[in-house]
Amino acid sequence: MNRRSFLKWTNFAGLTTALPLKLFGLNSAHPAETQASRSAAQTQTKNAASPETILLKDYRPISIYKVPVTTIAKAKYPVIDMHSHPYAKTAQEIDQWVRNMDEVGIEKTIILTMATGEEFDRIHEKYSKYPERFEMWCGFDFTDYDKPGFGPAAVKELERCQQAGARGVGEIHDKGKGLRSGKSNAPGMHPDDPRVDALFEKCGELGLPISLHVADPIWMYQKMDRHNDGLMNAYYWRLDNQPGIVDLSGMVDILERTLARHPNTTFVACHFANLDYDLARLGEVLERHPNLYADISARYAETAPIPRFTAAFYARHADRLVYGTDMGFDQHMYHITFRILESLDEHFYEIDQFSYHWSLNGLGLDDAILKQVYHDNAANLLSARRPRSA
Ligand SMILES: [Zn+2]
């Protein structure tokens, strides 16, 4: 448990002798209450439900184990965050973000704007005070993707964005219904569609890597029933009720066909390509396609329940995984990611951060692996780009 939950726990434990029944939300006719414990108990009771009616979404277990708790306020090596978004809206917020990056050890953050046109230019301008700390990646414009002749205009806008400062493309989504880049949609057109060829080829030519998000976590495709292991979070993002959607496995096949079609273009599959539940398959995909990296963003909670298998996967593919967050710019958020990657802590909860009800474990990655994932792989990927034309 972290420091905050430990304090909460000691508080809570103090009540148990006086109020054993209240703790479990049961009514006691004659509890031996003191004034202090009464008001604490009232606060507790407000949030408490009978065990018969506690909802999974309200479940907040507190770890009881007396095991090491590691606080990591700064990453062990300088970090490149390959997956973030323009969360900071004002100049003050951007300054604050940079201060947070300094405190926690983030050297550079890649901002996936998903935007083109004026919207891209506006975001680029907003972050231009810190050209060494933020990189702006643009989106694709899918306007008229369903009309003959689609392609040249989209390629032209891509070239314009590159001239305006875009250093990559992303985050481009396809959760099974077709491509999306921010507000621009192409229902039914997947990344392996010949209509997208010209865009991906141009990215290769211009040295723009593409951050591509395919599918979503497996629990979101499964029945929302009592067997669904990730129910608490999956329910909010459910895809099981979307008829005609390409499933996760089908989307990974589409990703592989896309990678094979464009061997001279570099892709970063977001979130372990959503194969966090089947890392062996992701390993095969990485081995088949040297033009692919995977970012680890926003899949900490999905991999921390299986720390030994996950750490072995990191060791095997340490040269192809890149750090990312995708979760705002709060310092505590960064600390949680460091704790999961670096520590060997066991059975801790971060339910409010990740929305799953599972307990988590640190992966305890070796220094050499940490250095690659935090920094070196991303640095290689970014420096392999052709220099921007003047
Ligand atoms: Zn994202």
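Higher on the page you've got the structure.
Residues numbered from 1 in each chain as written. Predicted model: local features only at pLDDT ≥ 70, side-chain atom pairs only at ≥ 80, totals over all residues.

Asks: Provide a residue-level description of the overall build of the protein chain, including the pertinent values.
Replies: Counting secondary structure elements, the protein chain contains 14 helices and 10 strands. Relative to its 390 residues, the protein chain shows a buried fraction of 41%. Taking contacts inside the protein chain between residues at least 6 apart in sequence as the whole, the part at least 24 apart equals 73%. (Helix = DSSP H or I, 4+ residues; strand = E, 2+ residues; numbered from the N terminus. Buried ≥ 20, exposed ≤ 12 C-beta atoms within 10 Å, placed from the backbone. Contact = placed C-beta atoms within 7 Å.)

Asks: Summarise the nonpolar core; cite the residues concerned and give the values.
Replies: By size, the foremost hydrophobic cluster in this structure holds 97 residues, and its most contacted members are Ala269, Ala273 and Ala294. Contacts of Ala273, omitting those with residues within four sequence positions, involve Val214, Val252, Leu255, Leu282, Val285 and Ala294. (Core = buried A, V, L, I, M, F, W, Y, C linked by C-beta atoms within 7 Å.)

Asks: An account of the packing of helix 3 (residues 91–104) against helix 12 (residues 331–342) is requested, with residue identities and associated values reported.
Replies: Following both chains from N to C, one finds helix 3 and helix 12 inclined at 30°, their axes separated by 10 Å at the closest point. Between helix 3 and helix 12, the angle is such that the two are roughly parallel. Crossing hand, helix 3 versus helix 12: right-handed. Note on element contacts: helix 12 touches helix 3 through Gln331, Tyr334 and His335, opposite Asn100, Glu103 and Val104. Looking at side-chain class alone, the contact of helix 3 with helix 12 contains 2 nonpolar, 3 polar and 1 charged residues. (Axes fitted to C-alpha atoms, helices over the stretch in contact; angles between N-to-C directions. Parallel < 35°, antiparallel > 145°, perpendicular 65-115°, else oblique. Left-handed = near helix turned anticlockwise from the far one by under 90°. Nonpolar A, V, L, I, M, F, W, Y, C, P; charged D, E, K, R; others polar.)

Asks: Which residues make up unusual backbone geometry, and what values go with them?
Replies: The peptide bond linking Gly170 to Glu171 adopts the cis configuration, its omega dihedral lying at -5°. Here Glu171 shows up in strand 4 (residues 169–174). The backbone phi angle of His271 is positive, close to 55°, even though this residue is not glycine. A positive phi angle, near 70°, is found at Asp326, a position not held by glycine. Along the chain, Asp326 falls in the loop between strand 10 (321–322) and helix 12. Judged by C-beta crowding, with 21 C-beta atoms within 10 Å, Asp326 ranks as buried.

Asks: Account for helix 8 (residues 248–261), naming residues and giving values.
Replies: Given a rise of 1.5 Å per residue, 14 residues ought to cover 20 Å, and the 20 Å separating the end C-alpha atoms of helix 8 matches this to within 8%. Turning to helix 8, its buried residues number three or more, namely Leu248, Met251, Val252, Leu255, Thr258 and Leu259. Projection of helix 8 onto a plane perpendicular to its axis shows the buried side chains occupying an angular sector of 115°, all on one side. (Expected span 1.5 Å × (residues − 1). Arc of directions from axis to C-beta.)

Asks: Go over the packing of helix 5 (residues 152–163) against helix 6 (residues 197–206), please, and point to the residues and values.
Replies: Here helix 5 crosses helix 6 at 25°, and the two axes come no closer than 9 Å. Relative to helix 6, the element helix 5 lies roughly parallel. Relative to helix 6, the crossing made by helix 5 is right-handed. Facing helix 5, whose interface residues are Ala154, Val155, Leu158 and Gln162, helix 6 presents Ala198, Leu199, Lys202 and Leu206. When the residues that make up the contact of helix 5 with helix 6 are grouped by side-chain class, the tally is 6 nonpolar, 1 polar and 1 charged.

Asks: Describe in detail the sheet that holds strand 2 (residues 106–112), supporting the description with residues and values.
Replies: Strand pairing within a sheet occurs via backbone hydrogen bonds; the two strands may be parallel or antiparallel. Read across the open sheet, the 3 strands follow the order 1-2-3; overall the sheet is parallel. Two strands close off the open sheet at either side, each with one partner strand: strand 1 (79–84) and strand 3 (134–137). Averaged over all pairs of adjacent strands, the angle between strand axes in this sheet comes to 15°, irrespective of strand direction. Relative to strand 2, strand 1 is paired through 4 bridges, and the arrangement is parallel. (Pairing = 2+ DSSP bridges.)

Asks: How would you sum up the environment of Thr90? Please name residues and give values.
Replies: Mapped onto the fold, Thr90 is located in the loop between strand 1 and helix 3. Thr90 sits in the exposed class, given 9 other C-beta atoms within 10 Å. In this structure, the C-alpha to C-alpha distance between Thr90 and Tyr127, residues 37 residues apart in sequence, is 9.4 Å.

Asks: Outline the pairing of strand 4, supporting the account with residue identities and numerical values.
Replies: When you tally the buried positions in strand 4, you get 6 out of 6 residues, the bulk of the element. Taken together, the 5 bridges between strand 4 and strand 7 (residues 210–214) define a ladder with parallel strand orientation. By the bridge assignment for strand 7, Val169 is matched with Ile210.

Asks: Describe helix 14 (residues 367–383), with residues and values.
Replies: When the terminal C-alpha atoms of helix 14 are compared, their 22 Å separation across 17 residues agrees well with the 24 Å that a helix rising 1.5 Å per residue should span. The largest bend along helix 14 measures about 50° and falls at Val373. Within helix 14, burial applies to Leu370, Gln372, Val373, Tyr374, His375, Asn377 and Ala378. Check the buried side of helix 14 and you find it contacts strand 1, strand 9 (292–295), helix 11 (307–316), strand 10 and helix 12. (Bend = angle between axes of the 7 residues up to and from the residue.)

Asks: Give a description of the environment of Ala315 that names residues and reports values.
Replies: With respect to the helices, strands and loops of the structure, Ala315 is situated in helix 11. Taking C-alpha positions, Ala315 is 8.0 Å from Leu365, a pair spaced 50 residues apart along the chain.

Asks: I'd like a description of the pairing of strand 6 (residues 184–187), backed by residues and values.
Replies: As paired strands, strand 5 (residues 178–181) and strand 6 are joined by 4 bridges and run antiparallel to one another. In the strand pairing of strand 6, Leu179 is matched with Ala186.

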